[in-house]
Amino acid sequence: MIIVLKNGTTPEQIKAFEDKLQSQHRVKVNIWQGVESTVLGLIGDTHQIDIESIGAQPIVESVKRVQEPYKKANRKFHPDDTVITLPGGQQIGGGIFHIMAGPCSVECESQIIEVAERVKAAGATFLRGGAFKPRTSPYSFQGLHAQGLELLRKAREKTGMPIVTEIMRESHIDMFEDVDIIQVGARNMQNFELLKELGKTKKPILLKRGLSSTIEELLMIAEYIMAGGNDNVILCERGIRTFETSMRNTLDISAVPMLKKKSHLPVIVDPSHAAGIPWMVEPLAMAALAAGADGLMIEVHNDPSHALSDGAQSLTPDQFDHVAHHVFAARDALSHLAD
Ligand code: PEP
Ligand code: MN
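Everything in this summary refers to the structure shown in the same document. Just so it is clear, the structure is predicted and the values come from calculations on it, not from any experiment.

## So, the overall build of the protein chain
Phase 1: Counting its regular elements, the protein chain contains 10 helices and 14 strands.
Phase 2: Seen along its three principal axes, the alpha-carbon backbone of the protein chain occupies a region of about 75 × 45 × 40 Å.
Phase 3: Relative to its full complement of 339 residues, the protein chain shows a buried share of 51%.
Phase 4: Long-range contacts, defined as pairs at least 24 residues apart, comprise 66% of the intrachain contacts of the protein chain with a sequence gap of at least 6.
Phase 5: Accessible area of the protein chain: about 15600 Å², with a carbon and sulfur share of 54%.

Below is the structure:
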């Protein structure tokens, strides 16, 4: 961390500030005294220092981080890929490629079972489905809630597929006890109380990037969960808001290699919410695979035109068969390339 002090700061003020930084944060302080200004270089573990409170000191002109503010999620301190192992033995991360697929919302037993069976047959390894839905309109379908979770359990029992479903509030954590992967949606990415509580669990958390969150903000949120003691975080790029209007969002494909560079956590891509257009799922899925993603999350509905949410972007099971077939073929081709 580099701190530039204001002109006219006295040697006594500098000494007092240096002592405070050393004792409060246990960092080494290097001082460069120029003609015009004084610059302090903080060496050591600066990730816990609140940059805003440093900037608020009356003698401080400006302050800049040279190290990332996250440590547990940082590849610098954990060079190997994190591989998350679920109680059922499934592993996520480290080059093992998964497709999580299923409807946006769980709607009824026949729907979730039919979709689960079809996506499993096509090679999906996790069943997704929302029971609690964050909707833009309060008048839209909000999910089946506890009954939706129950139907997901039934589908898991029937197909053996582990389930991924979204949580919206911390008081529901007990209800999600036997959910295999808990999803934190884009809109809740900065629900700090929820994140802190999820940090106290050992559940794998699929953390979706907020609609207008930077990569650093996403990693800081992963850090929140990890700081609580839960290292099982999966990052998910699902498209961000840009000036482009021809798609629902813009898939930030560059986020995949950047996240992999900066963090050891698994990264998956959701091309369904990114584009909002079924025919774009395949090219975006291919791009995600080529960019190094550890998996995909794809919305599939047995009857998209009657879906209670996100029907317009959902693939039919037949369309999913094609996409999965092509993606797995591309995965195999790429793995030969890597050999
Ligand atoms: C979803 O997965 O259905 C969903 C609501 O996703 P997101 O939070 O990315 O919008
Ligand atoms: Mn959806």
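Next, the rest of the story.
## Focus on the site of ligand 1
Phase 1: Near ligand 1 the following residues occur: Cys104, Arg128, Lys133, Glu166, Gln183, Gly185, Ala186, Arg187, Lys208, Arg238, His273 and Glu299.
Phase 2: Within the contact set of ligand 1, an oxygen atom lies 2.6 Å away from a side-chain nitrogen or oxygen of Arg128.
Phase 3: Between ligand 1 and His273 there is a distance of 3.1 Å, counted from an oxygen atom to a side-chain nitrogen or oxygen.
Phase 4: Starting from 300 Å² of accessible surface for ligand 1 in isolation, the protein chains cover 97%.

## Observations concerning the sheet that holds strand E3 (residues 38-43)
Phase 1: What the four strands build is an open sheet, ordered E2-E3-E1-E4; its pairing is antiparallel. If you trace the sheet from one side to the other, it starts and ends with strand E2 (28-33) and strand E4 (60-64), each paired once. In this sheet, neighbouring strand axes are inclined to one another by 20° on average, regardless of whether the strands run parallel or antiparallel.
Phase 2: Pairing of strand E1 (residues 2-5) with E3 involves three bridges; the strand directions are antiparallel.

## Looking at the coordination of the manganese ion (ligand 2)
Phase 1: Within the protein, Cys104 (SG), His273 (NE2), Glu299 (OE) and Asp310 (OD) serve as the donor atoms for the manganese ion (ligand 2), at 2.1 to 2.4 Å.
Phase 2: Here the donor residues of the manganese ion (ligand 2) share one chain and are spaced in sequence as C-x168-H-x25-E-x10-D. With a gap of 206 residues between them, Cys104 in the loop between strand E7 (98-102) and helix H3 (109-121) and Asp310 in the loop between strand E14 (295-299) and helix H10 (317-338) connect regions that are remote in the sequence. The pair Cys104 / Asp310 is uniform in exposure class, with both members buried.

## Brief notes about the sheet that holds strand E13 (residues 267-269)
Phase 1: Spatially, E7-E8-E9-E10-E11-E12-E13-E14 is the arrangement adopted by the eight strands of the closed barrel, whose pairing is parallel. Averaged over neighbouring strand pairs, the angle between their axes works out to 30° when direction is ignored.
Phase 2: One ladder, built from five bridges, connects E7 with E14; its direction is parallel. Its bridge partner lying in E14, Ile99 is registered against Leu296.

## Here we look at the side chain of Arg128
Phase 1: By secondary structure assignment, the location of Arg128 is in strand E8 (residues 126-128).
Phase 2: Residue classification places Arg128 among the buried positions, given a relative accessible area of 2%.
Phase 3: One polar contact links the side chain of Arg128 to the main-chain carbonyl oxygen of Cys104, over a distance of 2.9 Å.

## Describing unusual backbone geometry
For residues other than glycine, phi is negative in most cases, and the peptide bonds are mostly trans.
Phase 1: Residues other than glycine seldom take positive phi values, yet Arg26 does so here, at roughly 50°.
Phase 2: Assignment of secondary structure puts Arg26 in the loop between helix H1 (11-25) and E2.
Phase 3: A positive phi angle is found at His145, which is not glycine, with a value near 55°.
Phase 4: Topologically, His145 is positioned in the loop between E8 and helix H4 (146-159).

## Quick word on the pairing of strand E9 (residues 163-167)
Phase 1: Burial within E9 is extensive, with five of its five residues counted as buried.
Phase 2: Bridge count between E9 and strand E10 (residues 181-184): four bridges; the pairing is parallel. Paired with Glu166 across the two strands is Gln183, which belongs to E10.

## Details of the pattern of salt bridges
Phase 1: The tally for this structure, following the rule as stated, stands at 21 salt bridges.
Phase 2: Notably, a salt bridge pairs Arg153 with Asp178, separated by 2.8 Å at the nearest N-O pair. Placement of Arg153 in helix H4 and of Asp178 in the loop between E9 and E10 is noted, with a sequence separation of 25 residues between them.
Phase 3: Note on Arg153: relative accessible area 19%, which makes it buried.
Phase 4: With a relative accessible area of 31%, Asp178 lands in the partly exposed category.
Phase 5: Residues participating in the shared-partner salt-bridge network are Glu150, Arg153, Arg156, Asp178 and Asp180.

## With respect to the nonpolar core
Phase 1: Ile99, Leu207, Leu235 and Phe320 are the most contacted members of the largest nonpolar core, which has 70 residues in total.
Phase 2: Take this core: its biggest share by element is seven residues, from helix H6 (residues 215-227).
Phase 3: Beyond its immediate sequence surroundings of up to four residues, Leu235 is in contact with Leu207, Leu218, Leu219, Ala222, Leu259, Ser263, Leu265, Pro266, Val267 and Ile268.
Phase 4: Among the nonpolar cores identified, the runner-up in size contains 14 residues, and Phe17, Val27, Ile49 and Val60 belong to it.

Conventions we followed
- Residues numbered from 1 in each chain as written.
- Chains lettered and ligands numbered in written order.
- Predicted model: local features only at pLDDT ≥ 70, side-chain atom pairs only at ≥ 80, totals over all residues.
- Heavy atoms only, no water.
- Helix = DSSP H or I, 4+ residues; strand = E, 2+ residues; numbered from the N terminus.
- Buried < 20%, exposed > 50% of the residue type's maximum accessible area, 1.4 Å probe, protein only.
- Contact = heavy atoms within 4.5 Å.
- Areas by Shrake-Rupley, 256 points an atom, 1.4 Å probe, with all protein chains shown as cover.
- Near = heavy atom within 4 Å.
- Polar contact = N/O pair within 3.5 Å; in protein donor to acceptor, adjacent residues only side chain to side chain.
- Pairing = 2+ DSSP bridges.
- Axes fitted to C-alpha atoms, helices over the stretch in contact; angles between N-to-C directions.
- Donors = N, O, S within 2.8 Å, 3.2 Å for Na, K, Ca; no water.
- Salt bridge = Lys/Arg side-chain N within 4 Å of Asp/Glu carboxyl O.
- Core = buried A, V, L, I, M, F, W, Y, C linked by side-chain atoms within 4.5 Å.

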